[in-house]
2 protein chains.
Amino acid sequence: MQSIRRLLLGKRLQTADLPHQSISKPVGLAVFASDALSSTAYATEEILLILALATGGGAAAWAVSGNVLGISIPIAIAIAILLTIVTISYRQTIFAYPNGGGAYIVARDNLGETPAQIAGAALLTDYILTVAVSISSGVAQITSAFPGLLPYRVEIAVVVIVFMMVVNLRGVKESGRVFAVPTYFFLGIMFLTLIVGFIRVATGTLDPVTGVEAIHHEVAEPLTLFLILRAFSSGCTALTGIEAISNGIQAFKEPRSRNAAITLVWMSSILVMLFLGITLIANQMHAVPSHTETVISQMGRAIFGEGSILHLLLLAGTALILLMAANTSYADFPRLAALQAGDGFLPRQLTHRGGRLVFSWGIVVLSLFAIALVIIADARTTALIPLYAVGVFLSFTISQSGMVIHLRRVGKLKPGEVVQGLEAPMHYDANWRLKMTISAIGAICTGIVMLVFAVTKFTTGAWFVVIVIPTLVLIFFRIHRHYKEVAKALSWDTSAKPDQVGRKVQTLILVDDVHAETVRMVNFAKALGEDWHAVHIGVKPEKTPVVLEKWKKRIGEGRLHVIDSPYRLLAEPLREYIESLLANDPESYIHVIMGHLVMDTYWEQALHQNSAFIFNLALAGLERVVVTTVPYQIHHHHDAEGHDELITEDQEQAEAVTSQPK
Amino acid sequence: MQSIRRLLLGKRLQTADLPHQSISKPVGLAVFASDALSSTAYATEEILLILALATGGGAAAWAVSGNVLGISIPIAIAIAILLTIVTISYRQTIFAYPNGGGAYIVARDNLGETPAQIAGAALLTDYILTVAVSISSGVAQITSAFPGLLPYRVEIAVVVIVFMMVVNLRGVKESGRVFAVPTYFFLGIMFLTLIVGFIRVATGTLDPVTGVEAIHHEVAEPLTLFLILRAFSSGCTALTGIEAISNGIQAFKEPRSRNAAITLVWMSSILVMLFLGITLIANQMHAVPSHTETVISQMGRAIFGEGSILHLLLLAGTALILLMAANTSYADFPRLAALQAGDGFLPRQLTHRGGRLVFSWGIVVLSLFAIALVIIADARTTALIPLYAVGVFLSFTISQSGMVIHLRRVGKLKPGEVVQGLEAPMHYDANWRLKMTISAIGAICTGIVMLVFAVTKFTTGAWFVVIVIPTLVLIFFRIHRHYKEVAKALSWDTSAKPDQVGRKVQTLILVDDVHAETVRMVNFAKALGEDWHAVHIGVKPEKTPVVLEKWKKRIGEGRLHVIDSPYRLLAEPLREYIESLLANDPESYIHVIMGHLVMDTYWEQALHQNSAFIFNLALAGLERVVVTTVPYQIHHHHDAEGHDELITEDQEQAEAVTSQPK
C-alpha cells in the first residue's frame, strides 16, 4: 500500500523543496496556456454550430443557403479584437499584482468582499467547467478517430479525470514536465496543419470536406442579430483560460511578473493565430458541425487526407492538449480555494498542504465535481458550453473593474508613497490614465459579452450558472459568518483565567479485551498518577467472565467495571455511565483512555478503525469529558526464515535486545 | 441538519426497542418475498429473449418460424418443479436453524470455513445484483408506460437506490410497513390480470399483441439443446430470493421457525402460480421480447387495452414490487456481512449497529456497489442477468449440501442427545433419511443448474462472477489471517505486567490561538498535575507575536514554545519536535493535548475538522506518544430578541447563573 502510494504520488517532499517548485517560461506556457490554446479546438465549431441553425444544417447547406457559415469569419475577428483588449488589461494586472492577482484578489483589494466572493464563485465554477469541457472535447477528438469508442466516451472521460487528479496530487513541477511535451506537440502539428492548409488554399488544391454526418435541423431559423450574437458568445469560449497566468504568477521563476507577462503575450498571440487560422480554413473547406466528427478532424482530413498519419497526429495532439488543458484548473482551483479558505469563506481544510506540498483537498473536490458534470452532460461539449463562459466573463469584468480602481488609486499617489498598504512605484507613471482607460474598456467589453452570453444562452443552460453563482456566494458568506461567530464566542470574557488549583481527574480505561495494548493503557494511566479504573462494555455476555479473569491474571490491580449492553451497542451505554459519573461530581474531569492499534499499511488500518471514531462522536457533546487515544503499533516483521508476521513494538524491542551480540 | 437527519432517518431508537422490531407473517411476506415474487416480472421475458434468437425475432416470427417461443412453457414447468424441490429443502433448513440459517451458517456449521466463505461471497454478490437487477427492471416497467423517460433510466435507478438506502437506514420495521402496501397491491393487480387473461383466453377474446418494437436478429440461430438450456437457465432467475426467509428468521415474531416456514410455503405457491400464469398468457398473446416494452406491459395492453387504467396500474404494481424487491437485499446483505465480520472475515465495523439499530455500514456498502453496477450495465436487466444466478445457485447447492450433513448427524443422535453443540430433537425423527434425501436431490438439482448456467452464460457475463467469487473468498481469508495475527501479536508475552512505578509524562498543549478553548486545555493539563508546556506552530509568522502576547495576558503562566514552519505545514514540524523530545528522554510519555471544537450541527462541524485528524495521523506512528482531545462545545443560543448566535458553554453557564432569580 505504501509502495502503491509512492508509485502514484511520488515520495513525500521535504518542506524545503517548495521554492524549487517554480517553473520557467516555456514550462509555464505549457502549464498555464493549455486551457486558452486548447479552446481553439472547439471555439470555431461552436460558432458554426449556432450558425448552422440558420441553414437547416448539413453539408448541402453550403450550396443551398449561400455562405451563412461564412459569417463565422467576421465573428472570429471580433473575438480576436476582444482577446487583444483583455490581454493588454491582464498584462497590467500581472505587474500590479506580482504575487498573483486573479480576479479574486483584485476584487478583494479594490472592490470589497461581495464582488470578490462573486468573482471567486464564478472562477471556481469555471475551473470545474474547464475540466469538464476540455476533457469532453478531448474525448470527442479521440472518438472522431475511433468512432467505435463513441459509446464509451463518458467512461473514458472519467478515467482521464481520475488520472489528472493523481498526476496533480504529485505536485505542480512534475505536472509541468508531463504537460510540456503535449503542449508543444500540439503547437507543432497545429501550425503545420494551418501552413499546409493555407498553401493548399493558395494553390487551389484544398477541396471541400465530404462524408461528414452533419447535424440536421428540420426547419432553418431566420438569420437574426440574436442568432449572430449567440454564435459570437459561443465563440468567446476561445477567451477562457486567458486569466490563468495572472492567477499563477507565483509559480514562475524570478523575475516573476516579467516572465509571466512575456508568457501571457506569447500565449495570446499564438491563440489569435490559431483561432483565426482554423476559422478561415474551416470556411475554405466547408466544415460543418457534427456529433460524430469534430471540425478539427474534418480539417485534418481535408488537408492531409483521410486516415493519413498526419490527420491522426493532429487529432492526437488536439486530444492531448485538451486533456492537459484541464491541468490549468488543477493549478488554479486549489490555489483560489485555499485563498478563499484563508479569508474564511470556504472550509479551512482547503488551506492545508498535503505531503506533496499541494492543496490536496482542492484537487480532490475539483475532480469530483468535474466527474459529476461529465456524467450529467453525457460528455458532450455542446451541452456544457452554455454553462461555461458566463462565469469567465463575469470574472473578467470584475477583475478589470477592480484594476480601474487600483490604477486610479496608485496613479494619484506620489512616487514611492505608501497609503493604506498601497505602494506607488518609485518612478511616476505618466501613463496611468491610459492604463486605466484600457482596463475600463476591457471591463465594459467583457461585461457586454457576459450579458450577451447570459441572455442568448439563458434557456439552453446559462440559467443554471445564474442560479449557482449567487447560491455559492450565499454559502461563502454563511461560512464566513460562522467563523466570525465562533471567533467571537471564543474570545468572550477575556478576563477568565485558568484554574488556580487543578481540579480532580477521574480516568476510565476502555477495555475490550486484555492484552499488550491494555498494559500500555494502564501504564499511561499510572504515569498520570490520577484516580483510574477500567471499563468493559459487555456486548458479548459470554465473553465478560473471560475478560475479568484475564484482567485479574494479567493486570492484577485496579478495578474493572462491566457495563451491560444487552443490545450490543457500544457508545450509548458508555455515554450513560459517564453521564452518571458527571452528575455525581459537578467539578472534576472525566478522562477516557482508549486504545488505538496502529498498523503499517492502509488496508490493515482500515480493518481497525471506527470504534474510536464512534466513541469520540458519542462523547464529544459532553462537557468536562476528555478523550485520549493511546496508540499501540503493530509492525510487519520478517522472521529468520523470511516469513512475514505481525509483532508488537514491545516484542520488537525484546527481539532487538536478545539478538544483540553480548 | 439535525432535523433533516431526523426527518430522513427518524428519531434514534432506544436499545430496548430491538425486540419490538419483529414482524408478522403478512409483513414478513412483504419484506422477504418481494425479491422472489418480483422475479416473475422478468423471468418469462428472459426465457423468450433467448428463444427469440432461434426465430430471428420480431412479432412476425410467430407466423414464420412456428411456435419456437412456445418452448417456454415446458421450460417454465421444469423451473416450477425445481422451485418446489428447493422450497421443501429450505423449509427443512428453517426448522433446523431457527436463529436464521442462510447458506453461510449452514455451510459454516456442517461443511467448514471454505465452503462457508464461498457461500458468503456468492450471497453478498447476489444481494448486490438483486438490487441492481430489480431496480433496473422496475425502471423498465416505468419506461414502458412513459417511453419519454427511457434516456433517464440510469438516473432514475440511482435516485431510487439512494431512496432505498435512506428508508433502510431507518430500520426494518418501518421498511416492512412501507413495503407491505406495494407487495399486496402487486399481488392483487397481477392475479386480476391473470384471471381476466385466462377468462379472455377461454372465451377466445384475447388477441395477439401488436405494435411491439421487437428485438430483431439478422440471422436466426439453430434451436439447439444448448439454446434451450440457456433459456432454462435464464428463467431460473425466478428462483432468486427463495432463500431470503431462511436468512431472516430472526426478524419474525415467535414462534419464529413456524411463522417463517408458513410464509415460505405461501411465497413459493404464489410464485409458481404467477410464473406459470404469466408464461402461459404470454404465449397465448404472442408476447415478444423488446428493448422498449416489457412483456408485463405487453400483457397488460393485450388484456386490458392500450393505455387503460388497469394497464397502467399493472405496470405501477410491477414497478413498485421490483423497486421494493431490492429491500430483501437491504434486510439480508447487512445481516450476512455482520455475521461474516463477527467471524473475522470482513471488517469488524460491519458488526456495529447504528443509531436506528440497523447495520448502517452494510446498508451503505450495498447501495454503493448496486449504484456502480446499474451505471456500468446502463440499467439494462438483460446485461445483468448473466451475472446473476450463478451465485444464487452456488449458495443453494452449498446450503443444501450442508443440510445433508446436518440431517445425517442429527439423525444419528438419540432423542435429546447433545454432541459437539448439536442438539437432537426430543422425539426421534423417523423421517430423517427422507429429509436428507430431499436435501440431497435439491443440492444435486441446483448444482446442475449452476453448472448449466455457468457454461451457457459464460461468455455473456458469468465469467465475471467466476472471477469475483474466488477473489472475494481470497480477500475474506486474507482479512481473517490479519485479525488472527493481530490477536496473536497482542497476546504475546502474557507474563508482562504493568509498570510498578509510573513513568514521567511530558504534556504539550497545542495552541493555534489563545481563547476560551485554550483556557480549557490548560485547566485540564493542570488538573493532571504533570509537567506541561504549550506549543504553537508558526504557520503564519506575522501572527506569532500576537499569540505570544495573548498567551502572556490571558494565561500568564507556563511556557509557550514556538515551532517555526516556514512552509506552512502543520503536522511535520510538530512531529520533528516531538521526535527530538523522545530522543532526549527514552522512558517517559509525550502527551499531546489538542482542542476540538464541538458544534451543534453537522455542517458547522465539517468546517472545524481535519487538523486533529492530520495530527493524529502524523503522530500515530510514534511510540510513547499519546494524543488527547479536549472537546469544547459551542452552542446555538437565541438571545432575548430571538437572534441566533453562537456561544461557548462557559458563556452559557455564566448566563444561566445571571438569569436565575435571586
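Residues numbered from 1 in each chain as written. Chains lettered and ligands numbered in written order. Predicted model: local features only at pLDDT ≥ 70, side-chain atom pairs only at ≥ 80, totals over all residues.

Focus on the relation of the copies chain B and chain A
For the pair chain B and chain A, the superposition axis carries a translation of 0.0 Å, the fit reaches an RMSD of 0.1 Å, and the rotation angle comes to 180°. Here the two chains are linked by the operation of a two-fold rotation axis. Scanning chain B for the C-alpha nearest the rotation axis identifies Thr628 of chain B, at a separation of 2.0 Å. In this assembly the copies share their binding face: 100% of the residues contributing to the interface of chain B also contribute to that of chain A. (Least-squares fit on C-alpha atoms with pLDDT ≥ 70 in both. Contact = placed C-beta atoms within 7 Å.)

Brief notes about the packing of helix α7 (residues 113-145) of chain B against helix α8 (residues 153-169) of chain B
Residue and element names in this part refer to chain B. Contact pair α7 / α8: the axes reach a minimum separation of 9 Å and the direction vectors enclose 125°. Comparing their axes, α8 and α7 come out oblique. Taken as a pair, α7 and α8 cross one another with a handedness that is right-handed. In this structure, α7 uses Val131, Ile135, Ser136, Val139, Ile142 and Thr143 to contact α8, whose residues at the interface are Arg153, Ile156, Ala157, Val160 and Ile161. (Axes fitted to C-alpha atoms, helices over the stretch in contact; angles between N-to-C directions. Helix = DSSP H or I, 4+ residues; strand = E, 2+ residues; numbered from the N terminus. Parallel < 35°, antiparallel > 145°, perpendicular 65-115°, else oblique. Left-handed = near helix turned anticlockwise from the far one by under 90°.)

Comments concerning the pairing of strand β5 (residues 560-564) of chain B
Residue and element names in this part refer to chain B. The sheet contact formed by strand β4 (residues 532-538) and β5 spans 5 bridges and is parallel. Across the sheet, Gly538 pairs through a bridge with Asp564, a residue of β5. At this point the chain moves from β4, through helix α20 (residues 544-555), to the parallel β5, and the crossover so formed is right-handed. (Pairing = 2+ DSSP bridges. Right-handed = clockwise from strand over helix to strand, strands pointing away.)

Here we look at helix α15 (residues 360-376) of chain A
All names here are of chain A. With 17 residues, α15 should reach 24 Å at 1.5 Å per residue; the first-to-last C-alpha distance of 25 Å fits that figure. Of all the positions in α15, only Ser360, Trp361, Gly362, Ile363, Val365, Leu366, Ser367, Ala370, Ile371, Leu373 and Val374 are classed as buried. Elements that come into contact with the buried residues of α15 comprise α7 (113-145), α8 (153-169), α14 (309-342) and α16 (381-411). Once α15 finishes, Asp378 follows within two positions and takes phi at roughly 60°, a positive value. (Expected span 1.5 Å × (residues − 1). Buried ≥ 20, exposed ≤ 12 C-beta atoms within 10 Å, placed from the backbone.)

Observations regarding unusual backbone geometry
All names here are of chain A. Phi angles above zero are rare outside glycine, and His286 is one such case at about 60°. If you trace the backbone, His286 turns up in the loop between α12 (256-284) and α13 (295-304). For His286, a count of 21 C-beta atoms within 10 Å corresponds to the buried category. Look at Ala379: it is not a glycine, yet its phi comes out positive at around 55°. Assessed through the 26 C-beta atoms surrounding it within 10 Å, Ala379 is described here as buried.

Let's talk about the domain arrangement of chain A
We note that the domain assignment places domain 1 (25-58 + 73-213 + 221-480) and domain 2 (505-659) within chain A. Each of domain 1 of chain A and domain 2 of chain A has a C-alpha centre, and the two are 55 Å apart. (Domains from an automatic or database assignment.)

Topic: the interface of chain B and chain A
Across the contact, 74 residues belong to chain B and 74 residues belong to chain A. Where the side of chain B that touches chain A is concerned, the elements lending two or more residues are α18 (458-490), α19 (516-528), α20, β6 (589-598), α22 (602-606), β7 (625-638), β8 (644-648) and α24 (649-659) of chain B. A per-class count over the side of chain B that touches chain A returns 36 nonpolar, 19 polar and 19 charged. Note that strand β7 (residues 625-638) of chain A and β7 of chain B share 3 bridges and pair antiparallel. In the strand pairing of β7 of chain B, Thr628 of chain A is matched with Thr628 of chain B. (Nonpolar A, V, L, I, M, F, W, Y, C, P; charged D, E, K, R; others polar.)

Some words on the nonpolar core
Core analysis: the biggest nonpolar cluster contains 157 residues, and Leu48, Leu51, Ala132, Ile135, Ile161, Met299 and Val374 of chain B have the highest contact counts within it. Of all the elements, helix α14 (residues 309-342) of chain B adds the most residues to this core, at 18 residues. Aside from chain neighbours lying at most four places away, what touches Leu48 of chain B is Leu69, Ser72, Ala282, Ala287, Val288, Pro289 and Val295 of chain B. Counting 156 residues, the second largest nonpolar core, distinct from the first, contains Val27, Ile47, Phe186 and Ala238 of chain A. (Core = buried A, V, L, I, M, F, W, Y, C linked by C-beta atoms within 7 Å.)

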